[in-house]
Amino acid sequence: KAGVTQTPRYLIKTRGQQVTLSCSPISGHRSVSWYQQTPGQGLQFLFEYFSETQRNKGNFPGRFSGRQFSNSRSEMNVSTLELGDSALYLCASSLQGIEAGELFFGEGSRLTVL
Amino acid sequence: KNEVEQSPQNLTAQEGEFITINCSYSVGISALHWLQQHPGGGIVSLFMLSSGKKKHGRLIATINIQEKHSSLHITASHPRDSAVYICAVLIYNQGGKLIFGQGTELSVKP
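Keep in mind that this is a model prediction, so the values were computed, not measured.

About the thresholds
Residues numbered from 1 in each chain as written. Chains lettered and ligands numbered in written order. Predicted model: local features only at pLDDT ≥ 70, side-chain atom pairs only at ≥ 80, totals over all residues. Heavy atoms only, no water. Helix = DSSP H or I, 4+ residues; strand = E, 2+ residues; numbered from the N terminus. Rg over C-alpha atoms; globule rule 2.2 N^0.38 Å. Areas by Shrake-Rupley, 256 points an atom, 1.4 Å probe, with all protein chains shown as cover. Lys, Arg positive; Asp, Glu negative; His and termini not counted. Charge placed at Lys NZ, Arg CZ, Asp CG, Glu CD. Contact = heavy atoms within 4.5 Å. Buried area = accessible area lost by both parts, 1.4 Å probe. Salt bridge = Lys/Arg side-chain N within 4 Å of Asp/Glu carboxyl O. Polar contact = N/O pair within 3.5 Å; in protein donor to acceptor, adjacent residues only side chain to side chain. Phe/Tyr/Trp six-rings, centres within 6.5 Å; stacked < 30°, edge-to-face > 60°. Buried < 20%, exposed > 50% of the residue type's maximum accessible area, 1.4 Å probe, protein only. Lys NZ or Arg CZ within 6 Å of the ring centre and 35° of its normal. Pairing = 2+ DSSP bridges. Axes fitted to C-alpha atoms, helices over the stretch in contact; angles between N-to-C directions. Disulfide = S-S within 2.5 Å.

J.: I'd like to hear about the overall build of chain A, residue by residue, with values.
T.: When its secondary structure is counted, chain A shows zero helices and 11 strands. Secondary structure of chain A in N-to-C order comes out as β-β-β-β-β-β-β-β-β-β-β. For 114 residues, the compact-globule estimate of 2.2 N^0.38 gives 13 Å, and the C-alpha radius of gyration of chain A, at 13 Å, lies within 12% of that figure. Counting only C-alpha atoms, chain A reaches 35 × 25 × 25 Å along its principal axes. As displayed, chain A has an accessible area near 5,300 Å², and 48% of this comes from carbon and sulfur atoms. Looking at charge distribution, chain A has the averaged site of its 11 positive side-chain charges lying 5 Å from that of its 8 negative ones.

What follows is the structure, encoded as structure tokens:
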């Protein structure tokens, strides 16, 4: 059974640009959640999508957005990039959602903003 | 004060020792996750708890909802257990937001 796939694995952007990250969950999983990990702030929850609807949301500005498609694949977009957005972005898939089931994490997308 | 506090922040143990990592939280929760992250590696979910106790191999996780506290125990520790252990709580009165502890870095020496 294939795991959670995140693309791209590494990317470099400059301030002001935007970026789109992709997450393909485990087949059959309807929940995809997104996280930001930095050395200073640790892991922080961005949002969760379940069956194409945003179900939970963390405390990030509106520059961070996401969506989920009918095949459960999810994308996360960050607009007007800032230096502080440099981080490892992780997604996790779950059969029942973050409040009810085990989370399966991808390897992450490492974003560097110059 | 952080809503989720882990202790200790760093822990060094000898192979074979019994290890306990603690997680305390200050708000009502509906679920708690224990996660493991190896250096340079991805994150693995160890347990999801809403009450009581769970065991998987040498790992045991407990939660006391009334005392707002959870513990992760590792019996007969091994160098391959060296990793960062993270607890995360789901707080429903904040719109279902997931909040993480700062992590406990465990090093098990042979």
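J.: Which residues make up the interface of chain A and chain B, and what values go with them?
T.: Facing 19 residues of chain A, the contacting portion of chain B comprises 18 residues. For the pair chain A and chain B, the summed buried area comes to about 1,500 Å², and 60% of that belongs to carbon and sulfur atoms. Counting the surface chain A buries against chain B, the share from its top three residues, L43, E99 and F105 of chain A, is 34%. Between the two partners, chain A and chain B, sit zero salt bridges. Here chain A and chain B share two residue pairs in polar contact (both at pLDDT 80 or more) between them. Of all elements in the fold, only β4 (31–38), β5 (42–50) and β6 (53–57) of chain A reach the threshold of two or more residues within the side of chain A that touches chain B.

J.: Could you give an account of the packing of aromatic side chains, with specific residues and numbers?
T.: Residue and element names in this part refer to chain A. One pass over the structure, following the stated rule, counts five aromatic pairs over all chains. Taking 5.6 Å as the distance between ring centres and 75° as the angle between the ring planes, the aromatic pair formed by F47 and Y49 counts as edge-to-face. Its relative accessible area of 1% is what places F47 among the buried residues. Geometry around F50 places R55 over its ring, the cationic atom sitting 4.1 Å from the centre.

J.: Residue-level account of the sheet that holds strand β3 (residues 19–24) of chain A, with values.
T.: Residue and element names in this part refer to chain A. Read from one edge to the other, the open sheet built from four strands follows the order β1-β3-β8-β7, with strand pairing classed as antiparallel. Single-partner strands in this sheet number two, and they are β1 (5–7) and β7 (64–68). The sheet shows a mean angle of 15° between the axes of neighbouring strands, direction not considered. Note: β7 against strand β8 (residues 74–78), five bridges, orientation antiparallel.

J.: I'd love a proper account of the state of the cysteines, names of residues and values included.
T.: Enumeration over the complete set of coordinates arrives at two disulfides over all chains. The side chain of C23 of chain A participates in a disulfide bridge whose partner is C91 of chain A; the two sulfur atoms lie 1.9 Å from each other. Because the sign of the S-S torsion sets the handedness, a value of about 75° for the bond joining C23 of chain A and C91 of chain A places this disulfide among the right-handed ones. Separated by 68 residues along the polypeptide, C23 of chain A in strand β3 and C91 of chain A in strand β9 (residues 87–94) bring together distant segments of the chain. Paired by a disulfide, C23 of chain B and C87 of chain B hold their sulfur atoms 2.0 Å apart.

Read these as layout, nothing more, since geometry by itself doesn't imply function.
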